[in-house]
Amino acid sequence: MSTGATSEDARWARPEIRTAFQGKHERVREILAERVAAKSPNMVLASTYVPPDGAVSAYLLHRMLSRGDSTGTAWHSVFVNSGVEALGTVVKYLRNRHNRRGEAGACRILVLDPTGTARYAFGHAVPGLSAIVADGMLIVATVEEFLRRIGADWTSYVVIVDGLTDETLMPVRAALEVARERGAVVAWGLLGDEAALAPLRESVAVADLVLLGEVGAGNEMPCGTVSFTREMFALWNNTMDSIAHVSTFGGNGLAMQMLSENLIRWRPMDRHEHAAVTRMRHNRFTRSARLRMHSNTWQTRAIDLAAINLTFDAAGGVRYRHGTRGYIDLASGTGPAFRGHNVQSPDAIMAAGTDGDETSRLESTLARLTGLPIMLPAVSGQSAVDNALLAALCARPGRATVLTCRGNYSGKGPMSLALSRTSSFFRDRDEHAFSPYPVEVIEADIDDPAALRRALRRDDIAVVWLEIVQGYDCVEIPQAVLDEIERARADTGFLVGVDEIFTGFWRCDIDHFLACTGRGFRPDLVALSKALSDALVPIGAVMISAAVFAQMSRTAPDSAQWLRTHYRNDMAAGLARAALEAAEHDRSGSADIEAAMDAMLRRAVRSPLFAEYRRVGLLGRLVLSPRSIGARPRPSVQNYAEAVIARLIGKRCGAITLQMRIAPSTAGDGAPELVATMAEVGEFLERLPRWTVDRTTLGSLLGTAGREIAAALLRVRETYGDRKGGTHY
C-alpha cells in the first residue's frame, strides 16, 4: 500500500541533517553543578515527582500561548524528553482523537517540516517502507508543497516553523483557519530555531496544539513540551488516559528550570504572574492547584489522592529529604538512576564534554559492556527503542513487520508505541487506538510455542523485539522462547533486538551488565535508558552490531547519519561514561541487596492483599490479590490501589517505591540503608490489614477536596485579574 506520495515526493529535497544540540552546554553545566552541590532532586519518578519549575513552566506556557488569557483559551501542557518525542505525542493524539470519535477512514495527517526531523523520526526516509505500510501521513518540506496539498482529505495538520518567517506563514495560517472551520485539528511546533518563536506565537490563534523541542532548553539539552487547548485535552483528561498517555509533569528538574528561565526571557512576567510563580515555588498546595489547571489534571488528582505528590528538598545517593523526614529510594533504579542521586562532583560536571569526543569514548565503554560496537545516541528508553526499530528497518529493506511478545511495553514514541499495544498499561481500550501505525506488528504469546513457531517462519519480519524480562509486570521470557527465536533467525534472516531499559545496568543479573548476556542470548540491537547519566540529564543509547550498521549504511545512508548524529551530546556522554566506570567497581553490596529484596517479597506476600510476587535479580513486583481489586481490574483501578499502598509504605517505613515495583540502585554506597529499609517494608506489608488500606483510601478522597477548591479559586482570581488588569505580553 502507498501513503499517496508522488514521485516528486520521492525526490524530497533533504536539508542538511539537523542535530538536536548545538554543542554548547555552558548553561546546562552551570545549573547542573549548582543543583548537584545543593543536592537538589533532579530526575526522581517521572510520573509522580513534581519539581516546582514543572508547575511554573506549565503556567508560563499557558500565559504565553493565550497571551495573558485574554483570548479565553486555557492551555494544558505536558513534558517529554525531546522535540521528537513531543512530535510523536502530537501525532499519537491526533490518531487517538480520530479513532475515538469513530470518524470514517483512517486518520490522515499532512505535515510541513522544513527541518526533515519528522521524515526521519517516522520512518519516511527508510527505503521502501512507505510502499509497504500506509501510516496516513504525508510529510513535505516546503510551504508551497504544503499549500498545494491542503484539502478536505486531511483530518489533521502539523506545521513546524523552524526557518520560516511570519510573512511566509501568513498564507498557511489563512488556509488552516479555513481547515479548522471544517473540523480539522491543527498543531504548530518549533523544534530548535529560536528566531522562529515570533512566527510561532503569531500562529497560536489558529492552533489546537503547540509543541516545543530543544529550543525550550536553549538547544543545550533534551527537552520537549506539548500544549493542548482545554477542549483538545479533554480527550486525555480522565483517570486512565492521563496516566497512560501523558504521565509526566517533567520529572527532570534541570530541564524544567531551563525551560522556565527561557519562557520568562521570551515573555517577561508582570507583577501578578511573578507573585503566582513565587507561590508555586514555595507552596505545595498552590503548586498542586496550578498543575490541575495547566498540566495533567487527573494525574495530579491521582498523585494527590495517593499522597505521593512529593517535592523532595534534597536527594543524595539512595536518600531523600522532605522537610525533616528522610526517605530511602527503592524505586529510581527502574529508570533514571543506578548509583543514586547527585553522586557526581560539580567539578566533574563542569568538565563533562569539554575534552574532545566523549561520545566515542562512551561508545567504547558500552561496546565493552554489551559486546556490540556501534552506538546510536538517544535521550530516553523510548527514543532508544524508536531508533533501534528504525535501524532494523533500514538494515532489512523490504521488510516492515516487527514480531514482539504479547504484554510487551516499549514506550509511547513514534515507533515504540506500536509495540506497547497489549501491555497491561494500555489494556482497557487502546490496543488499536493509535492506528495507522508506522510498522506492522504481530504479537506472539509466550505460552503458545506453536503459534510463536509459525510466526517466526514469516519472511517479512525485519526484527524480533523483546524484553528479556517484561519490566512493567516483571514477567520473564522463558528460555524455550529464546531458544526458538535463536533457531529461527538463522533460517529466516530477521534481526533480534532486546529492550534492556528495565533489565540492564546489572539489575536482573548482578554479574552481567545486560540480562541477555547471562542467558547466552546475543541480540543484534540493544536499547538502554537514561539511567546512564546518574539521574542528571536525559540520555539513552542503542548498541548495534557492526554488521547491522554496515547494512543500514549501505541501504539508507541518510537515515544512518541521522541516527548517529541527531541526539549526539558530548556532555551527557561524559557524564554517562563516568557513571558506568564508577559503577563497575562499586557494586559490592548487590548480593546483599538481592537477598534482602527476596526476603522482603517473601514476607510481604504472606499478606492476603497480595496473590504472588515476582523477582528477577534486583527487579521485583508484588501482585495484588483478585480479592483486593478483582480478577481483571482496570489499569486505573490497579494503579490507584497500588499507589495507596505505596503511600502507606512511604509514611510508615520511609521508603519510596514505584507503586508495587521495587528496583533499588545497583551500585554505590547505599547497600546498608537499602537492606535495612527492605526488611522494614517486608515486616510492615506482612502485617498490613485490608481495613488500613480502605481507611487510607477514604482519607485521601476527603483530603483532595481542599485542593479542588483551591484550583477553583485560582481560576476565578486569574480570570478576574486578567479582566481587570488587561493583557501583558
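Everything that follows concerns the structure shown earlier in this document.
Residues numbered from 1 in each chain as written. Predicted model: local features only at pLDDT ≥ 70, side-chain atom pairs only at ≥ 80, totals over all residues. Heavy atoms only, no water.

J.: Tell me what's going on with the sheet that holds strand 20 (residues 610-616), and back it up with residues and numbers.
T.: The three strands lie next to each other as 20-21-23, forming an open sheet whose pairing is antiparallel. Edge strands, defined here as strands with exactly one partner in the open sheet, are strand 20 and strand 23 (661-662). Pairing geometry for strand 20 and strand 21 (residues 619-624), over six bridges, is antiparallel. Among the inter-strand pairings, arginine 615 is bridged to a residue of strand 21, identified as glycine 620. (Pairing = 2+ DSSP bridges. Helix = DSSP H or I, 4+ residues; strand = E, 2+ residues; numbered from the N terminus.)

J.: Could you give me a rundown of helix 28 (residues 671-686), with the residues and numbers involved?
T.: Under the 1.5 Å per step criterion, the end-to-end length of helix 28 is 23 Å for 16 residues, consistent within 8% with the ideal 22 Å. Taken as a whole, helix 28 has its buried residues at Ala671, Leu674, Thr677, Met678, Val681, Gly682, Phe684 and Leu685. Mapping the buried residues of helix 28 onto a view down its axis gives an arc of 165°, with all of them on the same face. (Expected span 1.5 Å × (residues − 1). Buried < 20%, exposed > 50% of the residue type's maximum accessible area, 1.4 Å probe, protein only. Arc of directions from axis to C-beta.)

J.: Please set out the pattern of salt bridges residue by residue, giving values where relevant.
T.: The final tally for this structure, using the stated rule, is 36 salt bridges. Close ionic contact of arginine 361 with glutamate 358 constitutes a salt bridge, the shortest N to O distance being 3.8 Å. Here the residue arginine 361 and the residue glutamate 358 both occupy positions in helix 17 (residues 358-370), the gap between them amounting to three residues, near one helical turn. Judged by relative accessible area, arginine 361 falls into the partly exposed class, the value being 31%. Between glutamate 642 and arginine 661 there is a salt bridge whose closest N-O contact spans 3.5 Å. (Salt bridge = Lys/Arg side-chain N within 4 Å of Asp/Glu carboxyl O.)

J.: Which residues make up the environment of leucine 528, and what values go with them?
T.: Following the sequence through the fold, leucine 528 ends up in strand 18 (residues 525-528). Separated by 150 residues in the primary sequence, leucine 528 and alanine 378 have C-alpha atoms spaced 8.7 Å apart. Leucine 528 has contacts with Leu366, Ser380, Gly381, Ala384, Glu500, Ile501, Phe505, Phe513, Leu514, Gly540, Ala541 and Met543, leaving out every residue within four places of it along the chain. (Contact = heavy atoms within 4.5 Å.)

J.: Please set out the nonpolar core residue by residue, giving values where relevant.
T.: Within the largest apolar cluster, 117 residues are counted, with the highest numbers of intra-cluster contacts made by Phe146, Tyr157, Leu176, Trp188, Leu366 and Leu466. Ranked by size, the runner-up nonpolar core spans 79 residues in total, among them Ile109, Ala121, Phe233 and Trp562. (Core = buried A, V, L, I, M, F, W, Y, C linked by side-chain atoms within 4.5 Å.)

J.: Mind laying out unusual backbone geometry, listing which residues take part and the relevant values?
T.: Following serine 435, the chain continues into proline 436 via a peptide bond in cis, with omega recorded as 0°. Structurally, proline 436 can be placed in the loop between strand 12 (401-405) and strand 13 (440-444).

J.: I'd love a proper account of the packing of helix 3 (residues 52-65) against helix 12 (residues 253-266), names of residues and values included.
T.: Helix 12 packs onto helix 3 with a crossing angle of 30° between their chain directions and a minimal axis gap of 9 Å. What the angle tells us is that helix 3 and helix 12 run roughly parallel. The two elements helix 3 and helix 12 meet at a crossing, and its hand is left-handed. Between helix 3 and helix 12, the residues in contact are Asp53, Gly54, Val56, Ser57, Leu60, Leu61 and Met64 and Met256, Gln257, Leu259, Ser260, Leu263, Ile264 and Trp266, respectively. Residue composition of the contact of helix 3 with helix 12, grouped by class: nine nonpolar, four polar and one charged. (Axes fitted to C-alpha atoms, helices over the stretch in contact; angles between N-to-C directions. Parallel < 35°, antiparallel > 145°, perpendicular 65-115°, else oblique. Left-handed = near helix turned anticlockwise from the far one by under 90°. Nonpolar A, V, L, I, M, F, W, Y, C, P; charged D, E, K, R; others polar.)

J.: Break down the pairing of strand 2 (residues 109-112) for me, with residues and values.
T.: Side chains Ile109 and Val111 project from strand 2 onto one buried face, and the interleaved Leu110 and Leu112 project onto a second face that is buried too. As paired elements, strand 2 and strand 3 (residues 137-140) share four bridges and run parallel to each other. Among the inter-strand pairings, valine 111 is bridged to a residue of strand 3, identified as isoleucine 139. Both strand 2 and strand 4 (residues 156-160) contribute to a ladder of four bridges, which runs parallel. Residue pairing for strand 4: leucine 110 is matched across the bridge by tyrosine 157.

J.: Break down the sheet that holds strand 12 for me, citing the residues and quoting the values.
T.: The strand order 11-19-18-17-14-12-13 describes an open sheet built from seven strands, whose pairing is mixed. Of all the strands in the sheet, the pair left with one neighbour each is strand 11 (374-378) and strand 13. Taken over all neighbouring pairs, the strand axes of this sheet differ in orientation by 20° on average, direction set aside. Sheet topology places strand 14 (residues 461-466) next to strand 17 (residues 495-499); four bridges connect them, and they run parallel. Among the inter-strand pairings, valine 463 is bridged to a residue of strand 17, identified as leucine 495.

J.: Got a sec to walk through the environment of isoleucine 656? Specific residues and values, please.
T.: The topology assignment puts isoleucine 656 in strand 22 (residues 655-656). In this structure isoleucine 656 comes out as buried when scored by relative accessible area, which is 9%. Note: C-alpha distance between isoleucine 656 and tyrosine 327 (329 residues apart in sequence) is 6.7 Å.

J.: Just give me the short version of helix 8 (residues 166-181), but keep the residues and values in it.
T.: Relative to the 22 Å expected for 16 residues at 1.5 Å per residue, helix 8 spans 22 Å between its end C-alpha atoms, a close match to the ideal helical length. Buried residues of helix 8: Leu169, Val172, Arg173, Leu176 and Ala179, and no others.

J.: Report on the packing of helix 3 against helix 13 (residues 271-282), specifying residues and quantitative values.
T.: It is at 8 Å that the axes of helix 3 and helix 13 come closest, and there the two elements cross at 155°. Taken together, helix 3 and helix 13 sit at an angle that is classed as roughly antiparallel. Pair helix 3 / helix 13 crosses with right-handed handedness. Contacts between helix 3 and helix 13 pair Pro52, Asp53, Ala55, Val56, Tyr59, Leu60 and Arg63 from the former with Glu273, Ala276, Val277, Met280 and Arg281 from the latter. When the residues that make up the contact of helix 3 with helix 13 are grouped by side-chain class, the tally is eight nonpolar, no polar and four charged.

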